[in-house]
Amino acid sequence: TPPTRRVTLSALVKNDPGVLARVSGLFSRRQFNIESLTVGPIEDDEHSRITLVVEEHEPGVEQVKKQLRKLVPVVSVHELESAGIERELALIKVDAENPAAVQSLAEMYGGQAVGAGRETVTVEITGSRPKLEAAVDAFEQFGVREVTRTGAAAIARGTDWTAPVEDEWNAKADTIPPVEADD
C-alpha cells in the first residue's frame, strides 16, 4: 500500500447555490476523507475559496484534484506546497477557577481570553495544527469543557498564487497567471 500524504488544496469556485454540497458530495461518492474544509469570500464577490485538507494515498490525491477540476462551479484547483501558510483558529472553554493563569497560558500561545464568566473562561488561539493541539493539551490542567476549531485556512507564500485561475476566467487576466496542469 502506498504511503498516505496530507495535502492542502485550494479551490477557487463560483458563488453558485449548492457549490459546497457538490464538492462534499464528490468526496462522499469517492470515499475520500476530508480532514478539514473551510470556505470564505475572496477579493471579488463572484467567487469564494474552498480550502480542503485531505490525507490520502498518492493515487487518491491526484484523483481528488482531477475530480474537483471537473465540477462545473470550480474555476481552479491548486495544491499548496508545504511552504504555504496554513492556520487554524481554536476556541477553548475551560473552568474559571484561576482566570489569571488561563490568560497567562493563552498569552504564551499568542492567544487571549475572549469570554469570561463565573464558571468558564474561553480563549482564542490561532496557529498551525500542531500548535493548537499543544495548546489544547496545555489547557487540560484547567479542565477543558469544550473545544471548537475552524479548520485550515491557507494561502501561498510570497508572490505565488493560491489558486491561479483558468485562462477563460478573465476578471484579472492581466495580473493573474494561467493555471499550469499538475496532473
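Here, every reference points to the structure presented above.
Residues numbered from 1 in each chain as written. Predicted model: local features only at pLDDT ≥ 70, side-chain atom pairs only at ≥ 80, totals over all residues. Heavy atoms only, no water.

A. Expanded view of the sheet that holds strand 2 (residues 34-41). A sheet is described by the order of its strands in space; here four strands give the open sequence 2-3-1-4, paired in antiparallel fashion. The sheet is open, and its two borders are formed by strand 2 and strand 4 (74-80), each paired with just one other strand. Ignoring strand direction, the axes of neighbouring strands in this sheet form an average angle of 20°. The pairing of strand 1 (residues 4-14) with strand 4 spans six bridges and is antiparallel. Within strand 4, the position partnered with V13 by the bridge is V74. Sheet contacts for helix 1 (residues 19-29): strand 1, strand 2 and strand 3 (47-57); angle to strand 3, the most-contacted strand, approximately 10°. Contacts between helix 2 (residues 58-70) and the sheet are confined to strand 1, strand 3 and strand 4, with strand 3 contributing the most and set at about 155° to the helix. (Pairing = 2+ DSSP bridges. Helix = DSSP H or I, 4+ residues; strand = E, 2+ residues; numbered from the N terminus. Axes fitted to C-alpha atoms, helices over the stretch in contact; angles between N-to-C directions. Contact = heavy atoms within 4.5 Å.)

B. Seen up close, helix 1. Among the residues of helix 1, V19, V23, G25, L26 and F27 are the ones counted as buried. Tucked inside the fold, the buried residues of helix 1 contact strand 1, strand 2, strand 3 and helix 2. Directly beyond the C-terminal end of helix 1, a positive phi value near 60° is found at Q31. (Buried < 20%, exposed > 50% of the residue type's maximum accessible area, 1.4 Å probe, protein only.)

C. The packing of aromatic side chains, seen in detail. Per the counting criterion, the structure on display carries two aromatic pairs. Taking the centre distance of 6.0 Å and the plane angle of 70° together, the rings of F27 and F32 count as edge-to-face. For F32, a relative accessible area of 14% puts it in the buried group. Ring centres of F139 and F142 lie 6.1 Å apart, and the angle between their planes is 50°; on these two criteria the pair is classed as tilted. The residues F139 and F142 share a single accessibility class, namely buried. (Phe/Tyr/Trp six-rings, centres within 6.5 Å; stacked < 30°, edge-to-face > 60°.)

D. Fine view of the side chain of E86. Take E86: it is sitting in strand 5 (residues 85-95). In terms of polar contacts, E86 uses its side chain to reach the side chain of R6, at 3.3 Å. For E86, the side chain forms a polar contact with the side chain of T8, separated by 2.6 Å. Sequence-distant contacts of E86, that is, excluding residues within four places in its chain, are made with R6, T8, V53, G127, S128, A152, A153 and A154. (Polar contact = N/O pair within 3.5 Å; in protein donor to acceptor, adjacent residues only side chain to side chain.)

E. Representation of the environment of P17 within the structure. Along the chain, P17 turns up in the loop between strand 1 and helix 1. A residue is classified by how much of its surface remains accessible, and P17, at 74% relative accessible area, is exposed. In this structure, the C-alpha to C-alpha distance between P17 and P73, residues 56 residues apart in sequence, is 9.4 Å.

F. Seen up close, the pattern of salt bridges. For the coordinates displayed, the defined rule picks out ten salt bridges. Its salt-bridge partner being E35, residue R6 comes within 3.0 Å of it at the nearest N-O pair. Residue R6 is located in strand 1, and its partner E35 is located in strand 2; the two are separated by 29 residues in the primary sequence. Linking E86 and R6 is a salt bridge whose minimum nitrogen-to-oxygen distance equals 3.3 Å. (Salt bridge = Lys/Arg side-chain N within 4 Å of Asp/Glu carboxyl O.)

G. Representation of the nonpolar core in the model. Membership of the largest hydrophobic core comes to 18 residues, with the highest contact counts inside it found for V23, F27, I50, L52 and L68. Not counting the four nearest positions on each side in its chain, I50 is found in contact with L9, S10, A11, V13, V19, V23, L37, T38 and V39. Residues V102, L105, Y109 and V123 belong to the second largest nonpolar core, which totals 17 residues. (Core = buried A, V, L, I, M, F, W, Y, C linked by side-chain atoms within 4.5 Å.)

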